[in-house]
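Listed here are the chains, written in short residue letters.
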Amino acid sequence: MKICIVVANYYPKISKELINGAKSALSINGIKKPKIILAPGVFEIPVIISKNINEYDAFVALGCVIKGQTPHFDLITKAAMHGLIDISIKYKKPIGNGIITCLNKKQAFKRSNTKKKDKGGEAARAILSVLRI
């Protein structure tokens with residue numbers, strides 16, 4: 001089974017923790033070397049997945065958007081989420097959504113931490129569940 005992790009590296013420490021969670025969940029399930037592709041931001045994740053859709057059985061989308069003072073947070077988040085679901089349905093391939101949306105960095109670190117919320121691991125386990133169905 002070929003799995004690709006596409007991760008927005010805008011917040012490198014948060015992204016690293018999300019990747020660690022996803023890789024751990026995949027490894028426990030026998031997937032030792034998923035492909036990792038870095039994206040500059042969350043907005044670019046759907047196009048990267050779309051570009052690579054025929055190369056992999058499933059994808060894990062990881063990243064973090066932190067709310068600021070403008071509507072940018074809402075626009076980026078909605079565009080990315082709609083892009084992911086549209087691609088998943090069109091190509092009938094699971095895409096685990098590990099893009100966390102947070103109000104601040106403290107919340108982001110808690111949600112990405114493999115010993116706390118482990119949203120990266122959660123997204124990886126979701127695709128594995130769908131692949132088994």
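Residues numbered from 1 in each chain as written. Predicted model: local features only at pLDDT ≥ 70, side-chain atom pairs only at ≥ 80, totals over all residues. Heavy atoms only, no water.

Attention shifts here to the layout of surface pockets. Roughly 270 Å³ of volume is contained in the largest pocket. Forming the walls of the largest pocket are 16 residues, and the residues nearest its centre are Y10, Y11, V65, H72 and I76. Looking at the lining of the largest pocket, the elements with two or more residues in it are β3 (58-66) and α3 (72-91). By residue class, the composition of the lining of the largest pocket is 9 nonpolar, 5 polar and 2 charged. (1 Å grid on protein atoms, 1.4 Å probe; cavity = no way out; pocket = protein on both sides within 12 Å on 5 of 7 lines; lining within 4 Å. Points joined across faces, edges and corners; volume = space filled by probe spheres on them. Helix = DSSP H or I, 4+ residues; strand = E, 2+ residues; numbered from the N terminus. Nonpolar A, V, L, I, M, F, W, Y, C, P; charged D, E, K, R; others polar.)

Under the definition given, this model contains 0 disulfides. Not engaged in a disulfide, the cysteine C4 finds its nearest cysteine sulfur in C64; these two sulfurs lie 20 Å apart. Look at C4 and you get buried, because its relative accessible area is 0%. Unpaired in this structure, C102 has its nearest cysteine sulfur neighbour in C64, at a distance of 4.5 Å. (Disulfide = S-S within 2.5 Å. Buried < 20%, exposed > 50% of the residue type's maximum accessible area, 1.4 Å probe, protein only.)

Moving on, we come to α3. An ideal rise of 1.5 Å per residue puts 28 Å on 20 residues; α3 measures up with 28 Å between its terminal C-alpha atoms. Those residues of α3 lying buried are F73, I76, T77, A80, G83, L84, I87 and S88. Looking down the long axis of α3, one finds its buried residues gathered within 135 degrees of arc, a one-sided arrangement. In α3, the exposed positions that point more than 90 degrees away from the buried face belong to L75, K78, H82, I89 and K90. As for α3, its buried residues are in contact with α2 (45-51), β3 and β4 (95-102). Backbone geometry just after α3 places K92 at a positive phi near 55 degrees. (Expected span 1.5 Å × (residues − 1). Arc of directions from axis to C-beta. Contact = heavy atoms within 4.5 Å.)

Considering all chains together, one arrives at 3 salt bridges under this definition. Note that D74 and K67 form a salt bridge whose closest N and O atoms lie 4.0 Å from each other. Exposure remark for D74: the relative accessible area of 34% places this residue in the partly exposed category. Residue D118 is joined to R125 by a salt bridge in which the shortest nitrogen-to-oxygen separation is 3.7 Å. Looking at D118, the relative accessible area reads 11%, which means it is buried. The exposure class assigned to R125 is partly exposed, which follows from its relative accessible area of 41%. (Salt bridge = Lys/Arg side-chain N within 4 Å of Asp/Glu carboxyl O.)

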